[in-house]
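Descriptive analysis of the structure
Chain by chain, the residues run as shown.
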Amino acid sequence: MLQQTTVAAVKSYFQTFTKRWPTVADLAGAPDEAVMGAWAGLGYYARARNLLACARVVTLQHNGRFPETAEELRALPGIGDYTSAAIAAIAFDEPAAVVDGNIERVTTRLHAIETPLPAARKAIRAFVDAMTPSLRPGDFAQAMMDLGATICTPRRPACVLCPVSAGCRARMEGRPEEFPRKLAKKAKPARIGAAFVARRASDGAVWLRRRPSTGILGGMSEPPSTDWSSRMDGGTGRDAAPFAAGWRLAGSVAHGFTHFDLVLEVWTAEIDADPATEGWWATPASLVDEALPTLMRKAVAVAESTAPATKERSR
Ligand code: SF4
C-alpha cells in the first residue's frame, strides 16, 4: 500500500484491510470485487490486483507461508527486485541488495556515478551488493533508507552530520546535489475521453459497469466511459454514448495518472428502463461500497450536482 502513497493516506485503508482480512488465507478467499472496493481511492489499482493474486499463490502454492529468499519472493505476483530484497533482508536476514530511491541517491553520491538514471541502476545495484554486510543486512538496508530520507536529502544534504561522509566522492568534489543524474523528463501526454452517468429517475441510482481486469483502473467500477488510455484519446461528445438517452453535458473532470493527464467530459441522463448493456444499478446508499476509483467518483459527483431531485428524495 505504501508504494507511491503516504502513510497518512494509507493508514485507514491498512486498518480496514487487516481487520477485514486478518490473515493471508482470509485475503486469498475474498471476492475480487470486495478487495477492489476496499482499495478504491488509493490509486495504482494494479497493486490491489497483485496483492490479491499474491495472497492466493502464497495460500495455494506455499501452504500459507511466505517464501524466505529474495529469488522465491520475486516469483510472487507484484513483488519485484526492491520488495523481494527488502523482505528477504529485513524479515529473513538474507544479505540481499536493497535499492530504493533513497539508497539510489546515497549510492550515486558516494561514488559520484555520472551515468544518468535509469541506465545507472545496474552499477548502483553492484555497489550496494558489495556494501551489504552478511551480518544484520536488514538493519543496513533500513539505515541506508533513513540516511537518504533524513540526511542525504535531494536538496541541501547535511553532509556534516553524515556517518559516511569520509568516503563520499560527491561531497569531496563539493557537488552532492548533482547526483543522481537524470535524463530530462518528457512532457506527459494530455488525453481526453467521456464518461456517461445514467441515473434512474425513480431513486437516483447510477448505472455502473466493471472495467476489464487488466489495463488502467483494471477491475474497478465506472459509469460507462469511452476507450481512453495513455496512448490514445477516447471518444467524446453525445455520439460516443454507450446507449441512447437524453444525454446532456454536466461538466468535466481532470485526473493526473503517472504517464498521462486525462480530462473526461461528463454526460448525464435520467432514464427509467435498464439500458441494454452490461452493468448494474448502484443506489445512492450503496455507492460508497462500490470499487469506484477517485476519477469516476468525481465524474458521478459532477453529474449529481446537475441532476434534478429524484422522486424518492422529494418525498
Ligand atoms: S556526505 Fe553528503 S552527499 Fe555524501 S552520502 Fe553523506 S549526506 Fe550524502
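Residues numbered from 1 in each chain as written. Predicted model: local features only at pLDDT ≥ 70, side-chain atom pairs only at ≥ 80, totals over all residues. Heavy atoms only, no water.

In terms of domains, the protein chain is made up of domain 1 (7–178) and domain 2 (190–314). The distance between the C-alpha centroids of domain 1 and domain 2 comes to 36 Å. In total, domain 1 and domain 2 occlude about 740 Å² of area from one another, counting both sides; carbon and sulfur atoms represent 56% of this. Contact with domain 2 buries area across many residues of domain 1, yet Met36, Tyr45 and Arg49 alone supply 54% of it, more than any other trio. Across the domain 1-domain 2 interface, the total number found is zero salt bridges. Remark: the boundary between domain 1 and domain 2 carries three residue pairs in polar contact (both at pLDDT 80 or more). In terms of residue count, helix 3 (residues 32–39) provides more of the side of domain 1 that touches domain 2 than any other element does, three residues in total. When grouped by side-chain class, the residues that make up the side of domain 1 that touches domain 2 number four nonpolar, two polar and two charged. (Domains from an automatic or database assignment. Buried area = accessible area lost by both parts, 1.4 Å probe. Salt bridge = Lys/Arg side-chain N within 4 Å of Asp/Glu carboxyl O. Polar contact = N/O pair within 3.5 Å; in protein donor to acceptor, adjacent residues only side chain to side chain. Helix = DSSP H or I, 4+ residues; strand = E, 2+ residues; numbered from the N terminus. Nonpolar A, V, L, I, M, F, W, Y, C, P; charged D, E, K, R; others polar.)

In terms of nonpolar packing, the biggest core is built from 41 residues, with Trp21, Trp228, Leu264, Val266 and Leu295 touching the most fellow members. The greatest single-element share of this core, amounting to six residues, is contributed by helix 11 (residues 294–305). The two domains that each donate at least three residues to this core are domain 1 (7–178) and domain 2 (190–314). Contact partners of Leu264, with chain neighbours within four places excluded, come to Gly193, Ala194, Ala195, Trp228, Gly251, Ser252, Val253, Leu295 and Met296. Listed in part, the 34 residues of the second largest apolar core include Ile79, Val106, Ile124 and Met145. (Core = buried A, V, L, I, M, F, W, Y, C linked by side-chain atoms within 4.5 Å. Buried < 20%, exposed > 50% of the residue type's maximum accessible area, 1.4 Å probe, protein only. Contact = heavy atoms within 4.5 Å.)

Turning to the site of the ligand, a few remarks are in order. All residues adjacent to the ligand are Arg109, Ile151, Cys152, Cys159, Cys162, Ser165, Cys168, Arg171 and Pro176. Among the residues making up the shell around the ligand, the classes are represented as six nonpolar, one polar and two charged. (Near = heavy atom within 4 Å.)

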